[in-house]
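# Fold and contact review
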Amino acid sequence: MPLAELRASLQDGEAIPDALSRLARMFKVSTLVILRRLVDTNWIDRAYFDIAWTAEIKHLSQRSKQGGSGGDFYRTTLARVSRRFVQALVVSTLEGQTLYRDAFRMLGISKTETFNNLGREVGVMG
């Protein structure tokens, strides 16, 4: 995260928690990285950094304890390789034009059950 870009992105009067989340999204890094770089720019002092770092670690720890599924494998796969590609590949495999081995490799999967679930997810299999 270039220091010059960070400095240009800072907004006077913005609350630090708001700046943390905005900058983390903008630079695609964690809020902890943003905190560290804010010290480098002298936007916050070391004493505030220590307090904010501890609070942010606690916040992130609580979020991870709350759980969550961690995402949906099938939705992620469809977004990664495209729904249309999965539909065409499943049909081609079921028709015998593509080997299961090749389909699995192209989809990044290793189980027939996962392949069948993807087929159902795209509406090709019942």
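Calculation notes
- Residues numbered from 1 in each chain as written.
- Predicted model: local features only at pLDDT ≥ 70, side-chain atom pairs only at ≥ 80, totals over all residues.
- Heavy atoms only, no water.
- Core = buried A, V, L, I, M, F, W, Y, C linked by side-chain atoms within 4.5 Å.
- Buried < 20%, exposed > 50% of the residue type's maximum accessible area, 1.4 Å probe, protein only.
- Helix = DSSP H or I, 4+ residues; strand = E, 2+ residues; numbered from the N terminus.
- Expected span 1.5 Å × (residues − 1).
- Contact = heavy atoms within 4.5 Å.
- Axes fitted to C-alpha atoms, helices over the stretch in contact; angles between N-to-C directions.
- Parallel < 35°, antiparallel > 145°, perpendicular 65-115°, else oblique.
- Left-handed = near helix turned anticlockwise from the far one by under 90°.
- Nonpolar A, V, L, I, M, F, W, Y, C, P; charged D, E, K, R; others polar.
- Salt bridge = Lys/Arg side-chain N within 4 Å of Asp/Glu carboxyl O.

### Digging into the nonpolar core
Leu-6, Leu-20, Leu-23, Ile-34, Leu-35, Leu-38 and Ile-44 are the most contacted members of the largest nonpolar core, which has 15 residues in total. Those elements that place two or more of their residues in this core are α2 (16–27), α3 (31–40) and α4 (46–65). Take this core: its biggest share by element is six residues, from α2. Core analysis: the next-biggest nonpolar cluster, separate from the first, contains twelve residues, Leu-78, Val-86, Ala-103 and Phe-104 among them.

### So, α2
Side chains that are three or four residues apart share a direction in an α-helix, a result of its 3.6 residues per turn. With twelve residues, α2 should reach 16 Å at 1.5 Å per residue; the first-to-last C-alpha distance of 16 Å fits that figure. Inspection of α2 places Ile-16, Ala-19, Leu-20, Arg-22, Leu-23, Ala-24 and Phe-27 among the buried residues, and these make up the whole buried set. Residues of α2 that are buried in the fold lie against α1 (3–9), α3 and α4.

### A look at the packing of helix α6 (residues 83–94) against helix α7 (residues 100–107)
Where α6 meets α7, the axes come as close as 10 Å, and the angle between the chain directions of the two elements is 165°. Between α6 and α7, the interaxial angle falls into the category roughly antiparallel. Judged by the twist between their axes, the crossing of α6 over α7 is left-handed. Of the residues in α7, those touching α6 at Phe-85, Val-86, Leu-89, Thr-93 and Leu-94 are Tyr-100, Ala-103, Met-106 and Leu-107. In the contact of α6 with α7, the residues fall into eight nonpolar, one polar and no charged.

### Some details on the pattern of salt bridges
Think of it this way: side chains of opposite charge can pair up when their charged atoms draw near. Tallied over the entire structure, the rule returns seven salt bridges. A salt bridge links Glu-14 to Arg-22; the shortest N-O distance between them is 2.8 Å. Assigned by exposure class, Glu-14 and Arg-22 land together as buried. Across the pair Arg-75 and Asp-72 runs a salt bridge whose closest N-O atoms are separated by 4.0 Å. Among the charged side chains, a network of salt bridges with common partners joins Arg-36, Arg-37 and Asp-40.

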